[in-house]
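# Architecture at a glance
What follows is each chain in one-letter form.
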Amino acid sequence: MSLWVIDKQAMAPFVAKLMDDYRVVGPLAKGSQFAFDEVEDPADLRLDYNTSILPPKKYFQPPEERLMTFRRNGGTTVQPIVEAEPTVILGIHTCDLHAMRVLDEAFTQGYPDAHYTRRRRQAMVVSVECLEPCMEHSFCKSMGTLTADDGYDLHLTDLGAAYAVDVGSDEGKALLERFAEARPAAEADMQQLNKVLGAKWPRFPYKLETEVDELPALMSQSYESPVWEELAEICLACGQCTIVCPTCFCFDVYDEVDLSLQDGERRRRWDSCQLDLFATVAGGENFRESQAARLRHRFMRKGRYLRKKYDALGCVGCGRCARSCPVDISPVNVFNELHQVRA
Amino acid sequence: MAENGRPKVAFFDFACCEGCQLTVVDSLQTHLELVEAVEIVQFREAMTEKGEDYQIAFIEGSCTREQDEARLREIREQADIVVALGACAHIAGVNAIKNVQPSLQDVREYVYGDKWEQYDSYAARPISAVIEVDAVIPGCPIDRFEFLDVVKKLLLGKKPSVPDYPVCVECKLKENVCILETGGTCLGPITRAGCDAIYPTYGVGCLGCRGLISNPNENAMMDVLEEAGLTVEQLMSKMTMFNAYEPAHIGEAVASPAEE
Amino acid sequence: MIESVVDVAQEESVYLPQMAQLLKIEQMTELEKVFTLQLPGGRSLGNDPGQFVEVSLFGIGEAPISVSSSPSRSNGTFELCVRRVGDLTNALHGLEPGDVVGVRGPFGHGFPIEKMRGRDMLFAAGGLGLAPLRSLINQVVDERGAFGRVIVLYGTKHPSEILFKEDLKAWEERDDVEFHMTVDRGDEDWTGNVGVITTLFPEIAINPRNTIAATCGPPIMYRFVLMEMQSKGIPETQIYLSLERRMKCGVGKCGHCQIDQFYCCQDGPVFTYAQIKGLEEAL
Ligand SMILES: Cc1cc2nc3c(=O)[nH]c(=O)nc-3n(C[C@H](O)[C@H](O)[C@H](O)COP(=O)(O)OP(=O)(O)OC[C@H]3O[C@@H](n4cnc5c(N)ncnc54)[C@H](O)[C@@H]3O)c2cc1C
Ligand code: SF4
Ligand code: SF4
Ligand code: SF4
Ligand code: SF4
Ligand code: SF4
Ligand code: FES
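Residues numbered from 1 in each chain as written. Chains lettered and ligands numbered in written order. Predicted model: local features only at pLDDT ≥ 70, side-chain atom pairs only at ≥ 80, totals over all residues. Heavy atoms only, no water.

We now examine the overall build of chain B. The secondary structure content of chain B amounts to 11 helices and 5 strands. Taking all 260 residues of chain B together, the buried fraction comes to 53%. Within chain B, residue pairs in contact and separated by at least 24 positions form 72% of the contacts whose partners lie at least 6 positions apart. Element-wise, carbon and sulfur atoms account for 50% of the exposed surface of chain B, whose accessible area totals about 12,000 Å². (Helix = DSSP H or I, 4+ residues; strand = E, 2+ residues; numbered from the N terminus. Buried < 20%, exposed > 50% of the residue type's maximum accessible area, 1.4 Å probe, protein only. Contact = heavy atoms within 4.5 Å. Areas by Shrake-Rupley, 256 points an atom, 1.4 Å probe, with all protein chains shown as cover.)

The following block contains the structure:
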């Protein structure tokens, strides 16, 4: 849409003003890493962060949430609930923007999930362009997610003393006009933007040894690959890789009651296909009994299944799973290994 | 169950520190509804009466001598449901560290001094080694909310199951910085969740007090810990702190790096 | 974090069950009961044969259960045949007429009856697999004129596990339904066939090109029944089967029921053999 500029000194007042009207969340330091959390002081905001521990999807699909409350005595009564509130999410990286498309598809196809869509609608997305590789594990350039041309309300690029702000929606425009001291980009700003963006690409390595569009075919051919058994030897089945993944959305549903056994709530919580019991049914049959089958399922989902269903790859190259994995299983290495075995 | 709809419940202790019963006493104070939901007929830690008519028996502590076996069988005979309360009853816990010492006799003399002969004691065992157990509440000590959760499941007639996935799941859901990533050691990837990853949340590696998940990849865990710089002795003491009762795989896994 | 709770009644959460009343409960075997349910105001469930509902008991949870009554016989009620195997199913077995349970659905792709009209029908049900197939069989029987031959094969482990005896009797008594059944193991009163369901296949001869086959049973049965069906020359696109998977949401979100790129709850539970053949995880 249109291009604007906010001076860096104007960022803190912008965020502070947003805080008057919205819940404002963004990347904050957490120990040696970063996590999205509610901003209490604009000075804490770390737009220079490297990838957060959990992806910002947690604001659309929280790790745990209530779906409804119920009362069992005196005729069952049920009250559906959505925990949602107007939120501005600051600092989403472009890999995570791409991942949000997968979730948007998954939660709106067929039967729309009101719990997700309500939160999604109430969120304003302010993303930020990465100019340096965030960490050793990421491979966004290979996956085509190192930049994005939509999916945000506002998109920031660091120009040094100021941010270039690309307006991606009418809501974004309104947000900018109402809360920020911004000026339309001048010729010199655009020149600076071109320089910054032109300089960024060579800094990122291309890690995938095949073309990203080749992945679904590669995965099809790799169903029987010995690689799955090899990986299963070292995999701990700890589930971290799926929990930190921005495109994973599987969940479990369960009821909780108070001690009177009368009042309770139905809740859901992120689940992981890497865990033993994920596909087990009553009677004990487990449709993916071996860890090799579970690992294969995960990678098939990333590289092929979700593309078939949602027309978007299930891996955006953020590297979170590789960073969390205690035994360093990284999708790009797995894809490359499959490619080499096939070749 | 009982006439008034409240099941009769009894608590028993064997070799342990009674810390788990203290957690129960605590829950009785924080959750007064518990007293209305069940009728406690025997609980040495909290009352003097000793009712022998009960449906649910919570058993704390390990079996460490022959007399324990007879008493356990008696309880099993009376109770409809037997619940192992805490790591000592569930997996023999810290009591089993003595099992992996070179000589049990040395342990006895070390602990009881020259009076060792008066104290009958054999290798510590979880109660499931002696009687059938219907449910477990893992942990050292137990988690109050998990205790309440198991009680509720029993009252609702559900399987009183506890999680069978690793601590890492809960740890990541809480978005903790991983201890393995910052150079520490942690048994979270093979330890049964349910404690809400309390140790890692406070920056301390998990020691496995809740026992292992059903299908732990112990060899991979050993490799991870080794890479983090643990020596064989450190590995052994870490892996057996709470999980010495069934050290078979652990023993093998430890043996191999030692041979190199 | 600030929390605000929003009422979504107007937005219809797909996870919110309707309250259905239990009108009748019939003990069918030691482990199975048939429940007759009614939605508020006698509203029709609107199911296709082969679809399922998610049954909820608050405080216990939810479970997917096939609708075993036919749309053609609905009269404002529907039937579920439930085996007692775990938390939800145990609790359900403890209920009485008049009690209320939550119901979501019907969900999934059932049997495409419009593609079946005019054809010969071959049904093969194993054990509890009769529950979803009964819904289709009775529909076919009720529209008998619209179909060619109707052959029903049914196998159970033991005479004590035979389900829906009244329906079986009705099918057996009709001249226009060829009904065969067998038990793996008989007892002193059993005079019928003994042997697994595949032993019934040699007794029948069919025109494969004009036959549509529908089968449901335990995973192990499929392999053998499918072999029999194929060896009779029925094309893979004309063999329908209903698969069971762990399910949580029933609406293609939770990921539990996934078989390769399919969600069993949405793309299935009824698939053609052609769709899932070659998918290692399917059978
Ligand atoms: C499409 C479909 C149709 C079915 N139709 C019938 C039927 O007509 N009659 C019948 O008796 N049973 C049927 N089942 C199986 C039935 O769903 C399970 O027996 C039931 O979920 C067990 O739940 P539980 O709470 O009693 O057992 P638990 O073992 O306590 O299960 C706990 C939870 O695990 C999940 N789960 C466990 N087993 C299964 C399973 N087999 N399938 C799916 N989810 C499972 C459920 O979410 C369940 O709530 C069907 C399953 C599917 C997928
Ligand atoms: S994080 Fe690594 S070890 Fe854990 S389940 Fe995933 S791949 Fe396996
Ligand atoms: S699979 Fe790994 S690298 Fe790919 S999107 Fe998920 S967490 Fe990121
Ligand atoms: S993976 Fe790429 S796009 Fe994502 S945060 Fe890292 S550098 Fe940015
Ligand atoms: S700190 Fe321990 S429990 Fe937490 S994720 Fe890391 S290994 Fe797992
Ligand atoms: S973190 Fe580990 S040692 Fe600590 S309570 Fe949990 S299971 Fe026990
Ligand atoms: S049951 Fe949830 S996706 Fe099928």
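Attention shifts here to the sheet that holds strand 6 (residues 77-83) of chain C. Residues and elements named next belong to chain C. The antiparallel open sheet is built from 6 strands, whose spatial order is 5-4-7-2-3-6. Each end of this open sheet is capped by a strand with a single partner; those strands are strand 5 (61-66) and strand 6. Geometrically, the sheet is characterised by an average inter-axis angle of 40° between neighbouring strands, direction not taken into account. Of the strand pairs in this sheet, strand 4 (residues 52-57) and strand 5 are connected by 6 bridges, and their pairing is antiparallel. (Pairing = 2+ DSSP bridges. Axes fitted to C-alpha atoms, helices over the stretch in contact; angles between N-to-C directions.)

All right, on to the packing of helix 2 (residues 94-108) of chain A against helix 3 (residues 114-121) of chain A then. Residues and elements named next belong to chain A. One way to put it is that helix 2 packs onto helix 3 with a least axis distance of 9 Å and a crossing angle of 135°. When the interaxial angle is binned, helix 2 and helix 3 end up oblique. For helix 2 against helix 3, the interelement crossing comes out left-handed. From helix 2, Met100, Leu103, Asp104, Phe107 and Thr108 reach across to helix 3, where they touch Tyr116, Thr117 and Arg120. In the contact of helix 2 with helix 3, the residues fall into 4 nonpolar, 2 polar and 2 charged. (Parallel < 35°, antiparallel > 145°, perpendicular 65-115°, else oblique. Left-handed = near helix turned anticlockwise from the far one by under 90°. Nonpolar A, V, L, I, M, F, W, Y, C, P; charged D, E, K, R; others polar.)

A few words now on a nonpolar patch on the surface. Together, Ile198(B), Tyr199(B), Tyr202(B) and Val204(B) give the surface a local cluster of nonpolar side chains, amounting to about 430 Å² of exposed area. Here Val204(B) is to be found in the loop between helix 8 (198-201) and helix 9 (218-227). (Patch = residues over 30% accessible without salt bridge, like charges linked within 9 Å, V, L, I, M, F, W, Y side chains within 5 Å. Salt bridge = Lys/Arg side-chain N within 4 Å of Asp/Glu carboxyl O.)

Turning to the domain arrangement of chain A, a few remarks are in order. Residue and element names in this part refer to chain A. Domain parsing of chain A yields domain 1 (2-203) and domain 2 (212-342). A C-alpha centroid distance of 25 Å is found between domain 1 and domain 2. Listed per partner, the contact involves 45 residues of domain 1 and 43 residues of domain 2. When the two sides are added together, the surface that domain 1 and domain 2 hide from each other amounts to roughly 3,700 Å², 58% of it contributed by carbon and sulfur. The largest contributions to the domain 1 side of the interface with domain 2 come from Phe70, Phe139 and Met143, which together make up 17% of the buried area. Remark: the boundary between domain 1 and domain 2 carries 6 salt bridges. Measuring nitrogen to oxygen at the nearest pair gives 3.9 Å for the salt bridge that ties Glu265 to Arg66. Here domain 1 and domain 2 share 24 residue pairs in polar contact (both at pLDDT 80 or more) between them. Taken together, the elements giving at least two residues each to the side of domain 1 that touches domain 2 come down to strand 4 (64-71), helix 2, helix 3 and helix 4 (140-143). Element by element, the count of residues in the side of domain 1 that touches domain 2 is highest for helix 2, at 9 residues. (Domains from an automatic or database assignment. Buried area = accessible area lost by both parts, 1.4 Å probe. Polar contact = N/O pair within 3.5 Å; in protein donor to acceptor, adjacent residues only side chain to side chain.)

Residues and elements named next belong to chain A. Its location among the elements puts Arg267 in strand 12 (residues 263-270). One polar contact links Arg267 to Glu64, side chain to side chain, over a distance of 3.4 Å. Residues in contact with Arg267, not counting those within four places in the same chain, are Glu64, Glu65, Arg66, Leu67, Asp252, Val253, Tyr254 and Glu256.

The subject of this paragraph is empty space enclosed by the protein. All names here are of chain A. One pass over the structure, following the stated rule, counts 9 cavities of 30 Å³ or more. Its volume calculated, the largest cavity comes out at about 120 Å³. Taken together, 17 residues form the lining of the largest cavity, with Cys245, Lys302, Cys315, Cys321 and Pro331 sitting closest to its centre. With 3 residues, helix 10 (residues 291-310) is the largest single contributor of residues to the lining of the largest cavity. Split by residue class, the lining of the largest cavity holds 10 nonpolar, 4 polar and 3 charged. (1 Å grid on protein atoms, 1.4 Å probe; cavity = no way out; pocket = protein on both sides within 12 Å on 5 of 7 lines; lining within 4 Å. Points joined across faces, edges and corners; volume = space filled by probe spheres on them.)

What follows concerns a negative patch on the surface. Negative charge collects at one region of the surface, where Glu136(A), Asp328(A), Asp223(B), Glu226(B) and Glu227(B) lie side by side. In this structure Glu226(B) comes out as partly exposed when scored by relative accessible area, which is 34%. (Lys, Arg positive; Asp, Glu negative; His and termini not counted. Charge placed at Lys NZ, Arg CZ, Asp CG, Glu CD.)

This next bit is on the pattern of salt bridges. Any two side chains of opposite charge can pair, given that their charged atoms come close. Scanning the model with the defined rule gives 51 salt bridges over all chains in all. Between Glu178(C) and Arg149(C) there is a salt bridge, with the nearest N and O atoms lying 2.8 Å from each other. With Glu178(C) in strand 10 (residues 178-183) and Arg149(C) in the loop between helix 3 (130-142) and strand 9 (150-156), this residue pair connects regions lying 29 residues apart in the sequence. The exposure class assigned to Glu178(C) is partly exposed, which follows from its relative accessible area of 26%. Linked through salt bridges whose partners overlap, the residues forming this network are Glu64(A), Arg66(A), Glu83(A), Glu265(A) and Arg267(A).

Attention shifts here to the confidence of the model for chain A. Of all residues in chain A, 99% have pLDDT values of 70 or greater, and the mean over the chain is 92. For chain A, per-element mean pLDDT is lowest for helix 10 of chain A, which scores 86, and highest for strand 6 (residues 87-93) of chain A, which scores 97. (pLDDT = per-residue confidence, 0-100.)

A few words now on helix 12 (residues 331-342) of chain A. Across its 12 residues, helix 12 of chain A extends 16 Å between first and last C-alpha, which sits within 8% of the 16 Å expected from 1.5 Å per residue. Looking only at helix 12 of chain A, the buried set comprises Pro331(A), Val332(A), Val334(A), Phe335(A), Asn336(A), Leu338(A) and His339(A). (Expected span 1.5 Å × (residues − 1).)

In terms of nonpolar packing, the biggest core is built from 124 residues, with Leu122(C) and Phe123(C) touching the most fellow members. It is helix 3 of chain C that contributes the most residues to this core, 7 residues altogether. Not counting residues up to four positions away in its chain, the partners in contact with Leu122(C) are Ile151(C), Leu153(C), Phe201(C), Ile204(C), Ile206(C), Thr211(C), Ile212(C), Ala213(C), Ala214(C), Met229(C) and Ile234(C). Leu215(A), Cys178(B), Ala220(B) and Met221(B) belong to the second largest nonpolar core, which has 49 residues in total. (Core = buried A, V, L, I, M, F, W, Y, C linked by side-chain atoms within 4.5 Å.)

With that out of the way, let us pick up the site of ligand 6. Around ligand 6, a shell composed of Thr191(B), Cys195(B), Ile198(B), Tyr199(B), Pro200(B), Cys206(B), Leu207(B), Gly208(B), Cys209(B) and Arg210(B) is seen. Tallied by class, residues from the shell around ligand 6 come to 7 nonpolar, 2 polar and 1 charged. (Near = heavy atom within 4 Å.)

Once that is clear, we can look at the packing of aromatic side chains. Counted under the stated rule, the structure contains 19 aromatic pairs over all chains. Their ring planes at 65° and their centres at 6.1 Å tell us that Tyr22(A) and Phe179(A) sit as a pair that is edge-to-face. You can see Tyr22(A) sitting in the loop between helix 1 (11-21) and strand 2 (23-30) and its partner Phe179(A) sitting in helix 5 (residues 170-179), a full 157 residues away along the chain. Among the residues examined, Phe179(A) registers a relative accessible area of 6% and is labelled buried. A centroid spacing of 6.2 Å and a plane angle of 55° characterise the contact between Trp171(C) and Phe179(C), whose relative ring orientation is tilted. (Phe/Tyr/Trp six-rings, centres within 6.5 Å; stacked < 30°, edge-to-face > 60°.)

Another aspect to go through is the environment of Glu143(C). With respect to the helices, strands and loops of the structure, Glu143(C) is situated in the loop between helix 3 and strand 9. Separated by 26 residues in sequence, Glu143(C) and Arg117(C) have C-alpha atoms that sit 9.0 Å apart.

Cis rather than trans, the peptide bond between Gly105(C) and Pro106(C) has omega equal to 10°. Topologically, Pro106(C) is positioned in strand 7 (residues 100-107). With an omega of 5°, the peptide bond between Gly268(C) and Pro269(C) qualifies as cis. Structurally, the position occupied by Pro269(C) is in the loop between strand 15 (262-263) and strand 16 (270-272). Phi at Asp311(A) takes a positive value of approximately 55°, unusual for a residue other than glycine.

A few words now on the interface of chain C and chain A. Each side of the interface is counted separately: chain C has 48 residues, and chain A has 58 residues. Both faces considered, chain C and chain A share a buried interface measuring about 4,600 Å² in area, 52% of it formed by carbon and sulfur atoms. Looking only at chain C, the three residues that lose the most surface to chain A are Tyr15(C), Phe58(C) and Lys253(C), adding up to 16% of its buried area. Between the two partners, chain C and chain A, sit 5 salt bridges.

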